[in-house]
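# Secondary and tertiary structure notes
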Amino acid sequence: MKSVRALLQFCTSLPLGRPVEFEHFARRSYLYPLAGYVIGGIAAGITCWIASPVVGAAVALAMVLVLSGCNHFDGLLDFGDGLMAHGSREKRVAAMTDRTTGAGAVAAGIVVTLLSFAGLQTAANLPATILIAEVCAKVAMSWLTTLGAPFREGIHSYLHGFAKPWFVVPAFLLALPLFLLPVPRADIALALAATAVIVALMLALSRRLFCGVNGDVVGATNEIVRAGIILLLALL
């Protein structure tokens, strides 16, 4: 339970009492999907009471951002700056890790948010969609934490140091309860497959642009996977 509390204190803004030593979670980063169930479950529960799909989509997105403390969204903005920077690897890393917010960050935030909002409006089952997307996003974070070699010291390198290759298996198994939702099983299977594809693409892109992964890349992957799964489920 200390590992779960440390996970939720890291991934959410929920008031959970005295801080737990972060190492409890670092040794079990395959637990990431549990945070997806908490964040996505709360957002799904609230949207169940909203009849308007437009308002429901806005509230669902607002809830996942607020409940996560916008930590991963901040990673998306930083990743956007690094992605749009021109020049050498050093210049891209500098753009991603500095404290300023550039045009790349704004563009990344707007694009991902608009795609998520548009997808949620047309989703056949909005509560289930936001829950599935959030769990898949956290599965992606666990996989990237395990597989992504860090290019600098930081939170990601600390987590990666404790991760074992087999962590990808329990992270995937923790997503299997999604098949109990009132959604076609084929859709959920496609969502998990799409998660794996996005993780592979983010790994390849980050290795090419930055020669590795850091916390910003992992956070950006969370936001990109959520948006991607929302769009996928909306189109199916």
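These notes cover the structure that comes with them. As the structure is a prediction and not an experimental result, all values here were calculated from the model.

Definitions and limits used
Residues numbered from 1 in each chain as written. Predicted model: local features only at pLDDT ≥ 70, side-chain atom pairs only at ≥ 80, totals over all residues. Heavy atoms only, no water. Core = buried A, V, L, I, M, F, W, Y, C linked by side-chain atoms within 4.5 Å. Buried < 20%, exposed > 50% of the residue type's maximum accessible area, 1.4 Å probe, protein only. Helix = DSSP H or I, 4+ residues; strand = E, 2+ residues; numbered from the N terminus. Contact = heavy atoms within 4.5 Å. Lys, Arg positive; Asp, Glu negative; His and termini not counted. Salt bridge = Lys/Arg side-chain N within 4 Å of Asp/Glu carboxyl O. Polar contact = N/O pair within 3.5 Å; in protein donor to acceptor, adjacent residues only side chain to side chain. 1 Å grid on protein atoms, 1.4 Å probe; cavity = no way out; pocket = protein on both sides within 12 Å on 5 of 7 lines; lining within 4 Å. Points joined across faces, edges and corners; volume = space filled by probe spheres on them. Arc of directions from axis to C-beta. Phe/Tyr/Trp six-rings, centres within 6.5 Å; stacked < 30°, edge-to-face > 60°.

### A word on the nonpolar core
Grouped together as the largest cluster of nonpolar side chains are 70 residues, with contacts concentrated most on Leu 120, Ile 130, Ile 132, Phe 210, Val 217 and Ile 229. Looking at this core, the element that brings in the most residues is helix α8 (residues 126–147), giving 14 residues. Excluding residues that lie within four positions of it along the chain, Val 217 makes contacts with Phe 79, Met 96, Leu 144, Met 202, Ser 206 and Phe 210.

### Notes on the environment of Gly 75
Structurally, the position occupied by Gly 75 is in helix α5 (residues 71–84). Accessibility expressed as a relative area gives 3% for Gly 75, which makes it buried. For the pair Gly 75 and Cys 211, spaced 136 residues apart in sequence, the C-alpha to C-alpha distance is 17 Å. In this structure, Gly 75 is in contact with Asp 216 and Ala 220, ignoring residues within four places of it in sequence.

### Some remarks on the side chain of Asp 81
Take Asp 81: it is sitting in helix α5. There is no salt bridge for the buried Asp 81, and the closest opposite charge comes from Arg 92, which lies 10 Å off by N-O distance. Side-chain polar atoms of Asp 81 contact the backbone nitrogen of Ala 105, separated by 3.0 Å. Ignoring sequence-local partners within four residues, the contact set of Asp 81 consists of Ala 95, Thr 100, Thr 101, Gly 102, Ala 103, Gly 104 and Ala 105.

### Considering empty space enclosed by the protein
All told, the structure shown has one cavity of 30 Å³ or more when counted by the stated rule. By volume, the largest cavity is sized at about 50 Å³. Lining the largest cavity are Leu 61, Leu 65, Phe 73, Val 112, Thr 113, Ser 116, Glu 223 and Arg 226. Looking at the lining of the largest cavity, the elements with two or more residues in it are α4 (53–67), α7 (103–121) and α12 (215–235). Per-element tally for the lining of the largest cavity: the top contributor is α7, with three residues.

### With respect to helix α6 (residues 89–97)
Among all positions of α6, only Arg 92, Val 93, Ala 95 and Met 96 are buried. Viewed along the axis of α6, the buried residues span an arc of 160°, placing them on a single side of the element. Projecting away from the buried face of α6 at angles above 90 degrees are the exposed residues Glu 90 and Lys 91. On its buried face, α6 is in contact with α5, α11 (185–210) and α12.

### Brief notes about the packing of aromatic side chains
Per the counting criterion, the structure on display carries eleven aromatic pairs. A ring pair is formed by Phe 22 and Tyr 158, whose centres lie 5.9 Å apart and whose planes are at 25°; its orientation type is stacked. You can see Phe 22 sitting in the loop between α1 (2–11) and α2 (23–26) and its partner Tyr 158 sitting in helix α9 (residues 155–162), a full 136 residues away along the chain. For the ring pair Tyr 30 and Phe 167, a centre distance of 4.9 Å and an interplane angle of 80° mean the geometry is edge-to-face. Residue Tyr 30 is located in the loop between α2 and α3 (32–47), and its partner Phe 167 is located in the loop between α9 and α10 (168–173); the two are separated by 137 residues in the primary sequence. The two residues Tyr 30 and Phe 167 agree in class, both being buried. Through pairs of rings, three or more aromatic residues link up here, namely Phe 10, Phe 22, Phe 25, Tyr 32, Tyr 158 and Phe 162.

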